[in-house]
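Results of the structural survey
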Amino acid sequence: MNRPLSALLGVTSAAVIATTVTASANAATSQVERPFLFTYTFAGHLKVAGGHFTVGGRVYVSVKHSNGVTAFHKWTTARTHPVTPGGAVYVDTTLASPCSGSRNGYAEAYDAATKRWSARLPVTVCRRID
């Protein structure tokens, strides 16, 4: 094989390897997105939902007052959902919603499989409805 052709093949091989490694790194990063939460109100209750959890994995969802005192908590299982990416959780809390007042607490969730917490989502913690 002549030198220019072997040099070209060497550069091409290096480019293919670099592209493959970059694609693999990007795929790994996208598969480990940080879990996220959102809230909504339905039937007078605060609902906490989120995505990017481990499908089939256990997820701990909690709503706490700003001082860290737990107002609601529950273990649930993340499932696939047509709209929410990754493993999704939808939890009906025992807290009333909506209510007046400022954001006096936060919701957060823990994915037991990845040992990752979602970001804290500010919420208004209202009275319990049991």
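Residues numbered from 1 in each chain as written. Predicted model: local features only at pLDDT ≥ 70, side-chain atom pairs only at ≥ 80, totals over all residues. Heavy atoms only, no water.

1. Focus on the side chain of Thr93
Rules: In this text, helices come from DSSP runs of H or I with a minimum length of four residues, and strands from runs of E with a minimum of two, each type numbered from the N-terminal end. Only protein chains enter the area calculation, which uses a 1.4 Å probe; residues under 20% of their type maximum are buried, those over 50% are exposed, and those in between are partly exposed. Polar contacts here mean pairs of N or O atoms no more than 3.5 Å apart (in protein, one a potential hydrogen donor and the other a potential acceptor; neighbouring residues in sequence count only if both atoms are side-chain atoms). Note on definitions: a residue-residue contact is assigned when non-hydrogen atoms from the two residues lie within 4.5 Å.
You can see Thr93 is positioned in strand β5 (residues 87-96). Owing to a relative accessible area of 1%, Thr93 belongs among the buried residues under this scheme. A polar atom in the side chain of Thr93 sits 3.2 Å from the backbone nitrogen of Leu95. Contacts of Thr93, omitting those with residues within four sequence positions, involve His45, Leu46, Val48, Val63 and Phe72.

2. Some words on the pairing of strand β4 (residues 70-77)
Cut-off, in case you're wondering: A pair of strands counts as paired when DSSP detects no fewer than two bridges linking them.
Two elements, strand β3 (residues 58-65) and β4, share seven bridges in a ladder whose sense is antiparallel. Of the residues in β4, the one forming a bridge with Val63 is Phe72. The hairpin formed by β3 and β4 contains four residues between the paired strands, and Gly68 there has a positive phi angle of roughly 95 degrees.

3. Some details on the pairing of strand β1 (residues 36-42)
Relative to strand β2 (residues 45-53), β1 runs antiparallel, the two being bridged by seven bridges. Bridged to Thr41 within β2 is Leu46. In this antiparallel pair of consecutive strands, β1 and β2, the connection spans two residues, and Ala43 shows a positive phi of 55 degrees.

4. Some remarks on the state of the cysteines
Rule in force here: The disulfide criterion is simple: two cysteine sulfur atoms within 2.5 Å.
Under the counting rule described, the total for this entry stands at one disulfide. With a sulfur-sulfur separation of 1.6 Å, Cys99 is cross-linked through a disulfide to Cys126. Across the S-S bond linking Cys99 and Cys126, the dihedral sits near -75 degrees, which makes this disulfide left-handed. A residue pair is termed long-range when its members are at least 10 positions apart, and Cys99 in the loop between β5 and β6 (105-111) and Cys126 in the segment after β8 (121-123) qualify at 27 residues. Given a relative accessible area of 33%, Cys99 falls into the partly exposed group.

5. Section: the sheet that holds β1
Put simply, the rule is: Axis definition: a line fit to C-alpha positions, over the contact stretch in the case of helices; interaxial angles, taken between N-to-C directions, run 0 to 180 degrees.
With antiparallel pairing, three strands are arranged side by side in an open sheet as β1-β2-β5. The open sheet is flanked by β1 and β5, the only strands paired with a single partner. Averaged over all pairs of adjacent strands, the angle between strand axes in this sheet comes to 25 degrees, irrespective of strand direction.

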